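So you can see what is in the structure, the chains are spelled out below.
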Amino acid sequence: MSNQIRSIRGMSDILPEKTAAWRFLEKSVASVLHGYGYREIRLPVVEQTELFKRSIGEVTDIVEKEMYTFDDRNGDSLTLRPEGTAGCVRACIQNGLLHNQIQRLWYLGPMFRHERPQKGRYRQFHQIGVETFGMEGPDVDAELILMSARIWRVLGLDDDVVLEINSLGSNSARGRYRDALVAYLQSRRNELDKDSLRRLQTNPLRILDSKNPEMQSLITTAPRLADYLDDESKDHFGGVKEFLDAAGIRYVVNPCLVRGLDYYSDTVFEWVTEKLGAQGTVCAGGRYDGLVDQLGGPATSAAGFAIGLERLIELQQGSIARSEDDDQPHVYLIVSGDAARHRGVLLAEQLRNQVPGLRVQLHCGGGSFKSQFKRADRSGAEFALVLGEDEMERDEVGVKPLRSKGEQQVFLQNDVAMHVAKMVGLTD
Ligand code: ATP
Ligand code: MG
């Protein structure tokens, strides 16, 4: 066992018992997004390192210490994407999707960050991300928030999550605020923890986001970003709040909500839960009007969010009905004797041909009736089809319910498809 190769720490296998729940989640979210006119875009997992440095920011946690960066064989520096926005913007610029156009896009896939693995924090994790381009008003910010709220409703999670919003203002307002914040923090330098001392030089706004209880009183009395916003940002934020009020969406304005990525401006939001312990943010996003321009595209308003799927799955534990499983067979075909084993392969094919959508699992590898019935039971199938020597002689097949009491019924092999289709509810 000592030379067994294991997965990379923080990168999990998603085993078959879990994949139905994932599929259900992905399908449910996609269907909400389609209901708002968003379309899927599929993006590479690897991008040039420079893309993330220029967008997320050189002095953010992600770029400073979390990226999986390596040299390609020809010496180019590449990085496994730590998030999806940068790649999405890159793709839109490169493919000319932003010239006088509105875009509403979504994507799904794995992201990679070299963080300390713990509950809710992994090195490979999955996000569904949404990005919009070409719309500058608070209406689209509100749309994003309403859409995420609908996702929680559809998933039955609306009681578990709370919306926090804030405005980061324009770049210039944030610059002025940054100076004031640094001056304040400098004056109380001796109260800063190690992390905050480092951030004081690089990314002081992130100090507001500190989870250290000893820092909280210092943070509470810090200058407020809200007092530095220009009128335009105030109006924009007011507009977002009006839409949310009108739509009956509850929210908390959290003046310390800053987000860990440099490209955000104006509206930012997070959906947080108390049910997952420390890693409680299930969805985060906001506006990033400067990013397209910064990455060499035409100046374009933009906003989006990303949902962390592992945290959602965790939150949903148990709330997915068994009936949502789409990977368990309807019927398990038991075969005994050489003739039946041959006939079984063809009968299974015949059933799949005649009843579209029917899931048939054929027993392969022999074994007694008893052991085959055990397998049938474990497969989750509703019915066992039994093809033994007696049935073969009479061109029949037995159908035995596995999940309810009831006698085995017998049908002609040529008719069984029709009966099975009815019994599993695929026809009336
Ligand atoms: P956090 O404050 O939790 O580190 P972040 O600001 O780094 O979050 P974003 O980049 O905004 O997170 O990612 C959006 C969402 O993706 C998060 O809210 C979370 O649900 C999920 N997420 C981020 N990092 C991880 C991770 N390492 N493992 C699992 N999920 C993650
Ligand atoms: Mg993080």
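Preceding block: the structure.
Residues numbered from 1 in each chain as written. Chains lettered and ligands numbered in written order. Predicted model: local features only at pLDDT ≥ 70, side-chain atom pairs only at ≥ 80, totals over all residues. Heavy atoms only, no water.

## Section: the site of ligand 1
Then, number 1: Around ligand 1 sit 15 residues, and of these Arg 113, Glu 115, Tyr 122, Arg 259 and Thr 281 come closest.
Then, number 2: Here Arg 121 contributes a side-chain N or O atom positioned 2.9 Å from an oxygen atom of ligand 1.
Then, number 3: Within the backbone of Thr 281, a nitrogen or oxygen atom sits 2.8 Å from an oxygen atom of ligand 1.
Then, number 4: Out of a free accessible area of 580 Å², ligand 1 has 92% covered by protein chains.
Then, number 5: Elements with a contribution of two residues or more to the shell around ligand 1: strand E6 (124–133), strand E10 (281–287) and strand E11 (302–308). (Near = heavy atom within 4 Å. Polar contact = N/O pair within 3.5 Å; in protein donor to acceptor, adjacent residues only side chain to side chain. Areas by Shrake-Rupley, 256 points an atom, 1.4 Å probe, with all protein chains shown as cover. Helix = DSSP H or I, 4+ residues; strand = E, 2+ residues; numbered from the N terminus.)

## Examining the packing of aromatic side chains
Then, number 1: Applying the stated criterion across every chain yields a total of six aromatic pairs.
Then, number 2: Ring centres of Trp 152 and Trp 271 lie 5.9 Å apart, and the angle between their planes is 70°; this geometry places the pair in the edge-to-face category. You can see Trp 152 sitting in helix H5 (residues 138–154) and its partner Trp 271 sitting in strand E9 (residues 265–273), a full 119 residues away along the chain.
Then, number 3: Aromatic pair Phe 269 and Phe 305: ring centres 6.1 Å apart, planes at 70°, arrangement edge-to-face. One end of the pair, Phe 269, is in strand E9; the other, Phe 305, is in strand E11, with 36 residues separating them in the sequence. For the residue pair Phe 269 and Phe 305, the accessibility class agrees, reading buried in each case.
Then, number 4: Among the aromatic side chains, those forming a connected cluster through ring pairs are Phe 133, Tyr 263, Tyr 264 and Tyr 288. (Phe/Tyr/Trp six-rings, centres within 6.5 Å; stacked < 30°, edge-to-face > 60°. Buried < 20%, exposed > 50% of the residue type's maximum accessible area, 1.4 Å probe, protein only.)

## Quick look at the pairing of strand E12 (residues 331–335)
Then, number 1: Burial runs high along E12: five of the five residues are buried.
Then, number 2: Neither face of E12 is open: one carries Val 331, Leu 333 and Val 335, the other Tyr 332 and Ile 334, and all of them are buried.
Then, number 3: Summarising the sheet, E12 and strand E13 (residues 360–362) pair through three bridges and their orientation is parallel. If you follow Val 331 over to E13, its bridge partner there is Val 360.
Then, number 4: As a crossover connection, the stretch from E12 through helix H12 (residues 338–354) into E13 is right-handed.
Then, number 5: With five bridges connecting them, E12 and strand E14 (residues 383–387) associate as parallel partners. (Pairing = 2+ DSSP bridges. Right-handed = clockwise from strand over helix to strand, strands pointing away.)

## Things to note about the sheet that holds E13
Then, number 1: Sheet architecture is open: five strands sit in the order E13-E12-E14-E15-E16, paired in mixed fashion. The sheet terminates laterally at E13 and strand E16 (409–412), the two strands that pair on one side only. Within the sheet, the average angular offset between the axes of one strand and its neighbour, ignoring direction, is 25°.
Then, number 2: In this sheet, E16 lies alongside strand E15 (residues 396–401) in antiparallel orientation, the contact comprising four bridges. Along E16, the bridge assignment pairs Val 399 with Gln 409.
Then, number 3: Sheet contacts for helix H15 (residues 416–423): E12, E14, E15 and E16; angle to E16, the most-contacted strand, approximately 135°. (Axes fitted to C-alpha atoms, helices over the stretch in contact; angles between N-to-C directions. Contact = heavy atoms within 4.5 Å.)

## A closer look at the packing of helix H2 (residues 49–56) against helix H4 (residues 85–94)
Then, number 1: At a closest axis distance of 9 Å, the pairing of H2 and H4 adopts a crossing angle of 105°. Put simply, H2 runs roughly perpendicular to H4. On H4, the residues touching Leu 51, Phe 52 and Ser 55 of H2 are Ala 86, Gly 87 and Arg 90.
Then, number 2: Counted by class, the contact of H2 with H4 contains three nonpolar, two polar and one charged residues. (Parallel < 35°, antiparallel > 145°, perpendicular 65-115°, else oblique. Nonpolar A, V, L, I, M, F, W, Y, C, P; charged D, E, K, R; others polar.)

## Some thoughts on the nonpolar core
Then, number 1: In this structure, Cys 88, Phe 133, Leu 185 and Leu 208 are the most contacted members of the largest nonpolar core, which totals 47 residues.
Then, number 2: It is H4 that provides the largest number of residues to this core, a total of five residues.
Then, number 3: The contact partners of Leu 208, leaving out residues within four places of it in the chain, are Tyr 177, Leu 181, Ile 219, Ala 222, Cys 256 and Val 258.
Then, number 4: The next biggest cluster of nonpolar side chains, apart from the first, holds 38 residues, and it includes Trp 106, Ile 165, Ile 307 and Leu 312. (Core = buried A, V, L, I, M, F, W, Y, C linked by side-chain atoms within 4.5 Å.)

## Remarks on the pattern of salt bridges
Oppositely charged side chains are able to pair whenever their charged atoms sit close together.
Then, number 1: Applying the stated criterion across every chain yields a total of 23 salt bridges.
Then, number 2: Lys 119 is the salt-bridge partner of Glu 314, the closest N and O atoms lying 3.8 Å from each other. Here Glu 314, found in helix H11 (residues 309–316), pairs with Lys 119, found in the loop between strand E5 (103–112) and E6; they are 195 residues apart in sequence, far enough to count as distant.
Then, number 3: Note on Glu 314: relative accessible area 31%, which makes it partly exposed.
Then, number 4: With a relative accessible area of 47%, Lys 119 lands in the partly exposed category.
Then, number 5: Where Lys 211 meets Asp 209, a salt bridge forms, and the shortest distance between an N and an O atom there is 3.6 Å.
Then, number 6: If you follow the salt bridges from partner to partner, you end up with Asp 61, Glu 64, Asp 195, Arg 198, Arg 199, Arg 206, Asp 209 and Lys 211 in one network. (Salt bridge = Lys/Arg side-chain N within 4 Å of Asp/Glu carboxyl O.)

## Re a positive patch on the surface
Then, number 1: Residues Lys 370, Lys 374, Arg 375 and Arg 378 make up a contiguous surface patch of positive charge.
Then, number 2: Among the secondary structure elements, Lys 374 is positioned in helix H13 (residues 369–379). (Patch = residues over 30% accessible without salt bridge, like charges linked within 9 Å, V, L, I, M, F, W, Y side chains within 5 Å. Lys, Arg positive; Asp, Glu negative; His and termini not counted. Charge placed at Lys NZ, Arg CZ, Asp CG, Glu CD.)

## Quick word on the side chain of Asn 203
Then, number 1: Note that Asn 203 resides in the loop between helix H7 (194–202) and helix H8 (216–220).
Then, number 2: In this structure Asn 203 comes out as buried when scored by relative accessible area, which is 12%.
Then, number 3: In this view, Asn 203 contacts Val 59, Thr 60 and Asp 262; residues no more than four positions away in its chain are not counted.

## Focus on H5
Then, number 1: Spanning 17 residues, H5 covers 24 Å between terminal C-alpha atoms, matching the ideal 24 Å at 1.5 Å per step.
Then, number 2: Within H5, the full set of buried residues consists of Val 140, Asp 141, Ala 142, Glu 143, Leu 144, Ile 145, Met 147, Ser 148, Ala 149, Ile 151 and Trp 152.
Then, number 3: Count one or two residues on from H5 and you reach Gly 156, which has phi positive near 70°. (Expected span 1.5 Å × (residues − 1).)

Just distances and angles here, no functional claims.
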